[in-house]
Amino acid sequence: DAGVTQSPTHLIKTRGQQVTLRCSPKSGHDTVSWYQQALGQGPQFIFQYYEEEERQRGNFPDRFSGHQFPNYSSELNVNALLLGDSALYLCASSPDRGGGEKLFFGSGTQLSVL
Amino acid sequence: AQSVAQPEDQVNVAEGNPLTVKCTYSVSGNPYLFWYVQYPNRGLQFLLKYITGDNLVKGSYGFEAEFNKSQTSFHLKKPSALVSDSALYFCAVRGWAGKSTFGDGTTLTVKP
């Protein structure tokens, strides 16, 4: 049983460009959340998707957007990249969007913005 | 708003000694509390959680955590540390709707 898979593993972009990151949740999971982890910090919640809709959003600008597909996979899009967007982007899935469920994380996409 | 504080950036212990990694939290309502571990260049792995019930929660790899409602703390513990326990540990609080807030992490180093 594959866990959470993310692609690509590494990405280098320049300021102003746009990027799309992809995530496939663990089998049987319908809820996907995205997190940004800057160097030396804990993961920061970007948003959560459930039933193909954004259900909750953290304190991130509209440049960060996402999508969930009918097979529960998800994409994170970041427009007009800034140097400060350089971070590890983590996708997490759970079988339910409720608070009591643990999260299963992918290994992340390391984004470097030059 | 919910928040988590991990007051120690680094914890150093000798192998075989007990370890404690501290965490305090703030959340409205009943807390859902979690500990995760992160190894280099990897995502986070679940260790244990507190939802309700017994204040001492047992988890993976011999770890346990003690929930203290009056002190709003959820400290991670292990009776006897192993070198292989060396990693980055995150405490998290999750709201009823599913948003998780993480602390900034504590680097645990276990020396032989």
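Everything below is about the structure shown above.
Throughout what follows, the structure given in this document is the object of discussion. Note that this is a predicted model, so its numbers are computed, not measured.

Before going further, it helps to examine the overall build of chain B. In terms of helices and strands, chain B carries zero helices and twelve strands. Going from N to C terminus, chain B has its helices and strands arranged as β-β-β-β-β-β-β-β-β-β-β-β. For 112 residues, the compact-globule formula gives about 13 Å, and the C-alpha radius of gyration of chain B, at 13 Å, lands near that figure. Along the first, second and third principal axes, the C-alpha atoms of chain B reach 40 × 30 × 20 Å. Residue burial in chain B is summarised as follows: out of 112 residues, 46% are buried. The contacts of chain B with a sequence gap of at least 6 include a subset with a gap of at least 24, amounting to 55%. A total of about 5400 Å² of accessible surface is found on chain B, and carbon and sulfur atoms cover 49% of it.

Residue and element names in this part refer to chain A. Within strand 4 (residues 31-37), seven of the seven residues are buried, which leaves it mostly tucked inside the rest of the structure. With burial as the criterion, each face of strand 4 is covered, one bearing T31, S33, Y35 and Q37 and the other bearing V32, W34 and Q36. Sheet topology places strand 4 next to strand 5 (residues 44-50); six bridges connect them, and they run antiparallel. Across the sheet, T31 pairs through a bridge with Y50, a residue of strand 5. Hairpin connection of strand 4 to strand 5: six residues between the antiparallel strands, including G40 at a positive phi of 80 degrees.

Once that is clear, we can look at the environment of A:D62. Tracing the backbone through its elements, the reader meets A:D62 in the loop between strand 6 (53-57) and strand 7 (64-68). The spacing of A:D62 and A:Y72 is ten residues in sequence and 22 Å in space, taken between C-alpha atoms.

Turning our eyes to something else, we now look at the interface of chain A and chain B. With 23 residues of chain A at the contact, the number on the chain B side is 22 residues. Summed over the shared surface of chain A and chain B, the result is zero salt bridges. Inspection of the chain A/chain B interface yields four residue pairs in polar contact (both at pLDDT 80 or more). At the level of secondary structure, the elements contributing two or more residues to the side of chain A that touches chain B comprise strand 4, strand 5 and strand 9 (87-94) of chain A. Of the residues forming the side of chain A that touches chain B, the biggest block, three residues, is contributed by strand 9 of chain A. Each residue belonging to the side of chain A that touches chain B can be placed in one class, and the counts come to seven nonpolar, twelve polar and four charged.

Reading the values: rules and limits
Position numbers for residues count from 1 along each chain, tracking the sequence in the order it is written. Chains and ligands are labelled by the order in which they are written, letters from A for the one and numbers from 1 for the other. Where totals are concerned, whole chains, interfaces and linings use all residues; where local detail is concerned, this predicted model gives features only for residues with pLDDT of at least 70, and gives and counts side-chain atom pairs only at 80 or more. Excluded from the side-chain calculations are hydrogens and water; all other atoms, namely the structure's heavy atoms, are used. By definition, any uninterrupted DSSP run of H or I lasting at least four residues is a helix, any uninterrupted run of E lasting at least two residues is a strand, and each is numbered from the N terminus. Throughout, radius of gyration means the C-alpha value; the globule benchmark is 2.2 Å times the number of residues raised to the power 0.38. Each residue gets one of three labels from its accessible area relative to the maximum for its type: buried under 20%, exposed over 50%, partly exposed in between, using a 1.4 Å probe on protein chains only. Residue contacts follow a heavy-atom distance rule, with two residues in contact if any of their heavy atoms lie within 4.5 Å. The accessible surface values rely on the Shrake-Rupley method and a 1.4 Å probe; as for residues, cover is taken only from the protein chains in view. Should DSSP find at least two bridges between two strands, the strands are regarded as paired. Here, a salt bridge means any Lys or Arg side-chain nitrogen found within 4 Å of an Asp or Glu carboxyl oxygen. By the criterion applied in these results, polar contacts are pairs of N or O atoms within 3.5 Å in which, for protein atoms, one can donate a hydrogen and the other can accept it, and in which residues neighboring in sequence qualify only through two side-chain atoms. Residues are grouped as follows: Ala, Val, Leu, Ile, Met, Phe, Trp, Tyr, Cys and Pro are nonpolar; Asp, Glu, Lys and Arg are charged; every other residue, Gly included, is polar.

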